[in-house]
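Below, each chain spelled out in residue letters.
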Amino acid sequence: DDPVEQINEMDQIEAQWGILESAINQLSPQKRKVFELCKLNGKSYEKAAVELGISRYTVGEYLQDAMAFIREYVRNQPSHTSSVIALIVLEIFLR
């Protein structure tokens, strides 16, 4: 593999993650916590609900809202094509 290509790919991955981080950071504190617990840390709705002191149903609602916000945020970015790919990967592998 060409080292320059590898550097470009890494820069692209960092940029994609930066867009996702920016979207996540714009969530309300409670929705961000639910997103982090369920999507990034792999906790079940039940475990997240117990940890946060909210219902399992509320966890699901917050997560649904968070994912909708992140999708919309990513779509509105100038370089959205590669970011959409990153988002799809996030949704598939972090379920």
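Residues numbered from 1 in each chain as written. Predicted model: local features only at pLDDT ≥ 70, side-chain atom pairs only at ≥ 80, totals over all residues. Heavy atoms only, no water.

1. Some details on the overall build of the protein chain
Basically, it comes down to this: The helix count covers DSSP runs of H or I at least four residues long, the strand count covers runs of E at least two residues long, and both are numbered beginning at the N terminus. Using a 1.4 Å probe on the protein chains alone, a residue whose accessible area is under 20% of its type maximum counts as buried, one over 50% counts as exposed, and one in between counts as partly exposed. By the convention used here, residues are in contact when the closest approach between their heavy atoms is within 4.5 Å. Shrake-Rupley sampling with a 1.4 Å probe provides the accessible areas, and residues are treated as covered by the protein chains on show and by no other component.
A count of helices and strands for the protein chain gives five helices and zero strands. Element order for the protein chain, N to C, with α for helix and β for strand: α-α-α-α-α. A burial count over the protein chain gives 29% of its 95 residues as buried. Considering only contacts in the protein chain between residues 6 or more positions apart, those separated by 24 or more positions represent 56%. With the model as given, the accessible surface of the protein chain reaches about 6,200 Å², and the carbon-plus-sulfur share is 53%.

2. Points about the environment of Ser22
Operational definition: Pairing of N or O atoms within 3.5 Å defines a polar contact, subject to two protein rules: one partner must be a possible hydrogen donor and the other a possible acceptor, and residues neighboring in sequence count only if both atoms are side-chain atoms.
For Ser22, the position within the fold is in helix α1 (residues 3-25). Taking the relative accessible area as the measure of exposure, Ser22 reaches 26% and is therefore partly exposed. Along the backbone, Ser22 and Ile70 are 48 residues apart, and their C-alpha atoms lie at a distance of 9.2 Å. A distance of 2.6 Å separates the side chain of Ser22 from the side chain of Tyr73, its partner in a polar contact.

3. Focus: the packing of α1 against helix α4 (residues 56-75)
Put simply, the rule is: Lines are fitted to the C-alpha atoms to define the axes, a helix being fitted only along its stretch in contact, and any angle between axes, read from their N-to-C directions, falls within 0 to 180 degrees. An angle below 35 degrees is treated as roughly parallel, one above 145 as roughly antiparallel, one from 65 to 115 as roughly perpendicular, and anything else as oblique. Take the far helix as the reference: if the near one is turned anticlockwise from it by less than a right angle, the crossing is left-handed, and if turned clockwise, right-handed. Residue type decides the class: Asp, Glu, Lys and Arg count as charged, Ala, Val, Leu, Ile, Met, Phe, Trp, Tyr, Cys and Pro as nonpolar, and the leftover types, Gly among them, as polar.
At a closest axis distance of 9 Å, the pairing of α1 and α4 adopts a crossing angle of 135°. On the basis of their axis angle, the class for α1 and α4 is oblique. As α1 packs across α4, the resulting crossing turns out to be right-handed. Contact residues: Ile19, Leu20, Ser22, Ala23 and Ile24 in α1; Phe69, Ile70, Tyr73 and Val74 in α4. Counted by class, the contact of α1 with α4 contains eight nonpolar, one polar and no charged residues.

4. Here's the deal with α4
Which entries qualify depends on this criterion: Expected span of a helix: the number of residues minus one, times 1.5 Å. The arc in question is the one spanned by the directions pointing from the helix axis to the C-beta atoms.
For α4, with 20 residues, the first-to-last C-alpha span of 29 Å sits near the 28 Å given by 1.5 Å per residue. Along α4, the residues classified as buried are Val59, Gly60, Leu63, Ala66, Met67, Ile70, Tyr73 and Val74. Buried residues of α4 fall within an arc of 160° about the axis and therefore sit on the same side. Of the exposed residues in α4, those oriented more than 90 degrees away from the buried face are Tyr57 and Gln64.

5. What about the nonpolar core?
Buried together is how nonpolar side chains tend to be arranged in soluble globular proteins. The condition is simple: Put simply, buried Ala, Val, Leu, Ile, Met, Phe, Trp, Tyr and Cys residues joined by side-chain atoms within 4.5 Å make one nonpolar core.
Ranked by internal contacts, the top residues of the largest apolar core, which has 18 residues, are Leu27, Phe35, Cys38, Val59, Leu63 and Ile70. At the level of secondary structure, the elements contributing two or more residues to this core comprise α1, α2 (29-40), α3 (45-52) and α4. By residue number, the principal contributor to this core is α4, which donates seven residues.

6. Comments concerning the environment of Glu21
The residue Glu21 is located in helix α1 in this model. Residues Glu21 and Ile70, spaced 49 residues apart in sequence, show a C-alpha to C-alpha distance of 9.5 Å.

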